[in-house]
Number of protein chains: 2
Amino acid sequence: MALIGKALVAQGGGPTAVINQTLAGIVLEARKFAQITKVYGAVNGVAGIIREDFLDLTQETTHNLEQVALTPSSALLSTRDKPDSKYCHEIFKVLKAHDIRYFFYIGGNDSADTVRIVNDEAEASGYEMRAIHVPKTIDNDLTGNDHTPGFGSAARFIAQAFMGINLDVRALPGVYLGIVMGRHAGFLAASSAIAQKYPEDGPHLIYLPERIFDIDEFLAAVKKTYDRHRKCVVALSEGICDRSGDPIVLSLRKDTEFDAHGNVSLSGSWVIGDLLTQQIKEKLGISRVRSDTFGYLQRSFLGCVSDVDQHEAREVGERAVQMAVWNNVDGSIAIVRTGYYSVDYRLQPLADVAGKTRTMPDEFINAEGNHVTDAFKFYVRPLMGSGLPSPSQLRAPRVPKLLERE
Amino acid sequence: MALIGKALVAQGGGPTAVINQTLAGIVLEARKFAQITKVYGAVNGVAGIIREDFLDLTQETTHNLEQVALTPSSALLSTRDKPDSKYCHEIFKVLKAHDIRYFFYIGGNDSADTVRIVNDEAEASGYEMRAIHVPKTIDNDLTGNDHTPGFGSAARFIAQAFMGINLDVRALPGVYLGIVMGRHAGFLAASSAIAQKYPEDGPHLIYLPERIFDIDEFLAAVKKTYDRHRKCVVALSEGICDRSGDPIVLSLRKDTEFDAHGNVSLSGSWVIGDLLTQQIKEKLGISRVRSDTFGYLQRSFLGCVSDVDQHEAREVGERAVQMAVWNNVDGSIAIVRTGYYSVDYRLQPLADVAGKTRTMPDEFINAEGNHVTDAFKFYVRPLMGSGLPSPSQLRAPRVPKLLERE
């Protein structure tokens, strides 16, 4: 029995390089079905639903949708609003008024929670509606997923960044600290490991929020690497925590910002790099120490994308519509790895992903807690897609010296 | 009358994406001439010459040289040493001992000065030698050049970065400050202007070291933009100066580092972004203000390169050898623009480029001193090469509202 009515798609949370692939996948697939009378897009995620701020995507050209699919960051714009049940009640009123029978929300675990509450509301009032959460996050922290759309491209950016840093620090030696996004899950910082090609390549050390960060152990590890290679490249997650479980940036910043989700703002995560730079200079006596906080570039840089990530982001959108139409179900689309490298998609209950956070499994982190295992490299490499650049070194022989030197 | 002997090539200063194109151009061209008996590469620039640390590049495969050409950052490694006349005397002693008759130094204006002193030394002692400075710098600040190899790729990185930032800030509005490399010349920060595609796109404001930076005028301009667009994207050169001519980062940092050239280290240039972020929050009452310092990524990121820059970097190397062999001259290779878009190369006297700095001409900067002109966009666009990505927006019509809202 076909459910007849409109479809609504919205995007929430931070940008990824491929979030509009998912949008295009949903819109193009939804437009194929006669029972989906129109396809609307909410501007600014749930905030736009409350405002009834909709675009009629039935009147968007296929060609432009394909161009938009290649553009990073939410084309429908985004929001950081995290609806409570009153807010979700307002959303539901609008959906009902517009006869929306298919609701697709592209986002992370907070967005999944929104879909869950709206869906419960619809069921409670006997309004028949399909509500599907479609995964998206560079953090790769959604439960039930082998990995999430958006992660592969961001991971590729991190790997390419550290490949360049390796070359830079090789030419002009010193210590380099790169601060990478990741509040609770270290997947992105860990992806820097793919930059290691030659034996002396960095990152020599990788610090993740999944392990306790101890400043003395850190300094000892930097010293050991520097004594050996006369250089040291380090990747650090912005969310690294001290022994008491507090983000180390917390003890460094007096005035801490909180966003609407109650998350600590790490926008000043350059503080981590600065503090550690000072410590290395003072305690290890190394003069050339540099740090970068990769910031917004790692999630929206135009021109660094994984083709595998693009394909999968497109497919999660397409599958979301297919499952809603053919299976008459609600839930959250998840990516399942079925081979090396192949994937398939399944629908998991909204409650299984909503508000939950997945972190790096133990087998991906080395015993010392300061690098990754080969199992992680094997896991992450295919997600970065084809055509990953690779640096080359000269291998010409040394010339014998002619002058007598003191 | 052919000058018979060895050739030596070295690389100095900071990395670029195409500096090894120039290395390959020199080595491959030099290996064609019978009078060039061997081609050596000095490891770590002038520091490696003093140490007699040479690679025999006559024994490097052409195929590997082509792979190295695609790799950013000095394959021969680099140095920040700025030789004085005593140091240059040491260099000259080593060149003479190894019967080096062709000396090619790839670098910026400091490297040109080194070549000049070594060349003077050779002339004074009647040692016949060709000494050629081959241009390289992402800063685009060498006199006598339309632009410099390395600049186009770095400019492309900046443009692609700001394209992504535009999309990010469009989805989640606020104020964004991007701090771009450039001590004295604003070319790189100015290149962010190419990110403007749609009318409301940023960067809305661009601050350059060529103009006085006034904090009150800055805040007024940010407020004006924000009032109009509810967002504001700003590009700032790390070298922006206050009314007294001091870099504004100077008044912000107590312990200032100096490098061997006497240049102020701007490695803590995130301080600029942090100070200005605080000012905007406090004085304009805007809550979402973010800043990134692009740091090392902008000069060594692997996978963002201009094909035009690659071609030209290869050609300056090739032409350097040809001029030294066929014209028996010393000097500095310079890029001359001959059409839109075509170039040719000329040799300029070493003294015309050594130690000098070129800055943005007035016709490239707008009257308010906070953006660029169309003349600059016309100038810079071809240097970024082909295949520059371009973002696309949805253009679907708005849906009429159905609910009565208070």
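Residues numbered from 1 in each chain as written. Chains lettered and ligands numbered in written order. Predicted model: local features only at pLDDT ≥ 70, side-chain atom pairs only at ≥ 80, totals over all residues. Heavy atoms only, no water.

### Digging into the domain arrangement of chain A
Residues and elements named next belong to chain A. You can read the domains of chain A as domain 1 (5–149 + 304–353) and domain 2 (153–300 + 360–384). Using C-alpha coordinates to define each centre, domain 1 is positioned 32 Å away from domain 2. With 24 residues of domain 1 at the contact, the number on the domain 2 side is 20 residues. Taken together, both faces of the contact between domain 1 and domain 2 bury some 1,900 Å²; the carbon and sulfur share is 59%. Looking only at domain 1, the three residues that lose the most surface to domain 2 are I138, C304 and Y340, adding up to 30% of its buried area. (Domains from an automatic or database assignment. Contact = heavy atoms within 4.5 Å. Buried area = accessible area lost by both parts, 1.4 Å probe.)

### Observations regarding the UniProt feature "binding site: Mg(2+)" (unreviewed entry) in chain A
Residues and elements named next belong to chain A. UniProt's entry tags N109 with the feature "binding site: Mg(2+)" (unreviewed entry), counted in the numbering of this structure. In this fold, N109 is placed in helix α5 (residues 109–124). N109 has contacts with D141, L142, V353, A354, G355, K356 and T357, leaving out every residue within four places of it along the chain. (UniProt positions renumbered as here; feature names shortened; annotations may be inferred. Helix = DSSP H or I, 4+ residues; strand = E, 2+ residues; numbered from the N terminus.)

### Re the UniProt feature "active site" (unreviewed entry) in chain A
Residue and element names in this part refer to chain A. When the UniProt feature table is mapped onto this chain numbering, "active site" (unreviewed entry) sits at D139. Judged by relative accessible area, D139 falls into the partly exposed class, the value being 23%. Those residues in contact with D139 that sit more than four places away from it in its chain are G182, A185, F187 and L188. (Buried < 20%, exposed > 50% of the residue type's maximum accessible area, 1.4 Å probe, protein only.)

### Description of the packing of aromatic side chains
Overall, the coordinates contain 35 aromatic pairs over all chains when judged by the stated rule. With a centroid separation of 5.9 Å and 40 degrees between ring planes, the pair formed by A:F376 and A:Y379 is classed as tilted. Here A:Y379 and A:F376 lie together in helix α13 (residues 374–380), a separation of three residues that amounts to about one turn. Assigned by exposure class, A:F376 and A:Y379 land together as buried. Aromatic pair B:Y207 and B:F213: ring centres 5.3 Å apart, planes at 85 degrees, arrangement edge-to-face. By relative accessible area, B:F213 is classed as buried at 7%. One aromatic cluster is present, built from ring pairs that chain together A:F151, A:F187, A:F364, A:F376 and A:Y379. (Phe/Tyr/Trp six-rings, centres within 6.5 Å; stacked < 30°, edge-to-face > 60°.)

### Some details on the packing of helix α1 (residues 19–30) of chain A against helix α3 (residues 62–69) of chain A
All names here are of chain A. α3 packs onto α1 with a crossing angle of 155 degrees between their chain directions and a minimal axis gap of 7 Å. With respect to their mutual orientation, α1 and α3 come out roughly antiparallel. Between α1 and α3, the residues in contact are N20, Q21, A24, V27 and L28 and T62, L65, E66, V68 and A69, respectively. The class makeup of the residues in the contact of α1 with α3 is six nonpolar, three polar and one charged. (Axes fitted to C-alpha atoms, helices over the stretch in contact; angles between N-to-C directions. Parallel < 35°, antiparallel > 145°, perpendicular 65-115°, else oblique. Nonpolar A, V, L, I, M, F, W, Y, C, P; charged D, E, K, R; others polar.)

### Remarks on the interface of chain B and chain A
Of the residues lining the interface, 86 residues belong to chain B; the matching set on chain A comes to 86 residues. Roughly 7,200 Å² of surface becomes buried between chain B and chain A when both sides are summed, with 57% attributable to carbon and sulfur atoms. The three residues of chain B that bury the most area against chain A are B:Y296, B:L302 and B:L394, which together make up 10% of that side's buried surface. The interface formed by chain B and chain A holds six salt bridges in total. Here A:E60 makes a salt bridge to B:R395, at a shortest N to O gap of 3.9 Å. Put simply, chain B and chain A have 36 residue pairs in polar contact (both at pLDDT 80 or more) between them. (Salt bridge = Lys/Arg side-chain N within 4 Å of Asp/Glu carboxyl O. Polar contact = N/O pair within 3.5 Å; in protein donor to acceptor, adjacent residues only side chain to side chain.)

### So, the sheet that holds strand β8 (residues 232–237) of chain B
Residues and elements named next belong to chain B. On the basis of which strands lie adjacent, the open sheet formed by four strands has the order β7-β8-β6-β9 and parallel pairing. Unpaired on one side and paired on the other, β7 (205–207) and β9 (289–293) mark the two borders of the sheet. For this sheet, the mean angle separating the axes of adjacent strands, direction not counted, is 15 degrees. When β7 meets β8, the two strands line up parallel, connected through three bridges. Each bridged residue has a counterpart across the sheet, and for Y207 the counterpart in β8 is L236. Across the sheet, helix α6 (residues 151–171) lies against β6 (175–180) and β8, angled at about 155 degrees from β8, the strand it touches most. Of the strands in this sheet, β6, β7 and β8 are in contact with helix α8 (residues 215–229), which crosses β8 at around 150 degrees. (Pairing = 2+ DSSP bridges.)

### Here's the deal with the environment of A:I106
Residues and elements named next belong to chain A. You can see I106 is positioned in strand β4 (residues 100–107). A relative accessible area of 0% means that I106 is categorised as buried. In this structure the C-alpha to C-alpha distance between I106 and T137, which are 31 residues apart in sequence, comes to 9.4 Å. Sequence-distant contacts of I106, that is, excluding residues within four places in its chain, are made with V9, A10, Q11, G12, I19, T22, L23, I26, S111, V134 and K136.

### Here we look at the pattern of salt bridges
Residue and element names in this part refer to chain A. According to the stated counting rule, one finds 36 salt bridges over all chains in the structure shown. Between D120 and R116 there is a salt bridge, and its shortest N-O distance comes to 3.7 Å. Placement of both D120 and R116 in helix α5 is noted, with a separation of four residues, approximately one turn of the helix. In this structure, D362 engages R211 in a salt bridge whose closest nitrogen and oxygen atoms are separated by 3.2 Å. Of this pair, D362 sits in the loop between α12 (350–353) and α13 while R211 sits in the loop between β7 (205–207) and α8 (215–229), placing them 151 residues apart in sequence. A relative accessible area of 25% means that R211 is categorised as partly exposed. The network of salt bridges with shared partners includes K82, D113, R116 and D120.

### Let's talk about the sheet that holds strand β1 (residues 5–11) of chain B
All names here are of chain B. A sheet is described by the order of its strands in space; here seven strands give the open sequence β3-β2-β1-β4-β5-β10-β11, paired in mixed fashion. Two strands bound the open sheet, and with one partner strand each, they are β3 (54–56) and β11 (342–348). Going across the sheet, the axis of each strand differs from the next one's by a mean of 30 degrees, ignoring polarity. Pairing analysis gives six bridges linking β1 to strand β4 (residues 100–107), with the strands arranged parallel. When the sheet's bridge partners are listed, A7 is paired in β4 with Y102.

### Remarks on the packing of helix α4 (residues 85–97) of chain A against α5(A)
Residues and elements named next belong to chain A. Here α4 crosses α5 at 65 degrees, and the two axes come no closer than 9 Å. Seen from above, α4 lies across α5 with right-handed handedness. Of α5, the residues touching α4 (which contributes S85, C88, H89, I91, F92 and L95) are T114, I117, V118, E121 and A122. Looking at side-chain class alone, the contact of α4 with α5 contains seven nonpolar, three polar and one charged residues. (Left-handed = near helix turned anticlockwise from the far one by under 90°.)

### Notes on unusual backbone geometry
Residues and elements named next belong to chain A. Cis peptide bonds are those with omega within 30 degrees of zero, and the linkage from Y340 to Y341 qualifies with 15 degrees. Even without glycine at this site, N44 takes up a positive phi of about 70 degrees. Within the secondary structure, N44 sits in the loop between β2 (36–42) and α2 (45–50). N44 sits in the buried class, given a relative accessible area of 16%.

### Some details on the confidence of the model for chain A
When pLDDT is averaged along chain A, the result is 93; 94% of the residues meet or exceed 70. Here residues 254–259 of chain A scores under 50 on pLDDT; set against residues more than four positions off or in separate chains, the count is eleven contacts. (pLDDT = per-residue confidence, 0-100.)

### Let's talk about the relation of the copies chain B and chain A
Superposition of chain B onto chain A requires a rotation of 180 degrees combined with a translation of 0.0 Å along the rotation axis, giving an RMSD of 0.0 Å. Such a turn and shift between the copies fits a two-fold axis. Same-surface contact between copies: 100% of interface residues of chain B are shared with the interface of chain A. (Least-squares fit on C-alpha atoms with pLDDT ≥ 70 in both.)

### Overview of helix α6 (residues 151–171) of chain A
Between its first and last C-alpha, α6(A) extends 30 Å over 21 residues, near the 30 Å set by a 1.5 Å rise per residue. Buried residues dominate α6(A), accounting for 21 of its 21 residues. (Expected span 1.5 Å × (residues − 1).)

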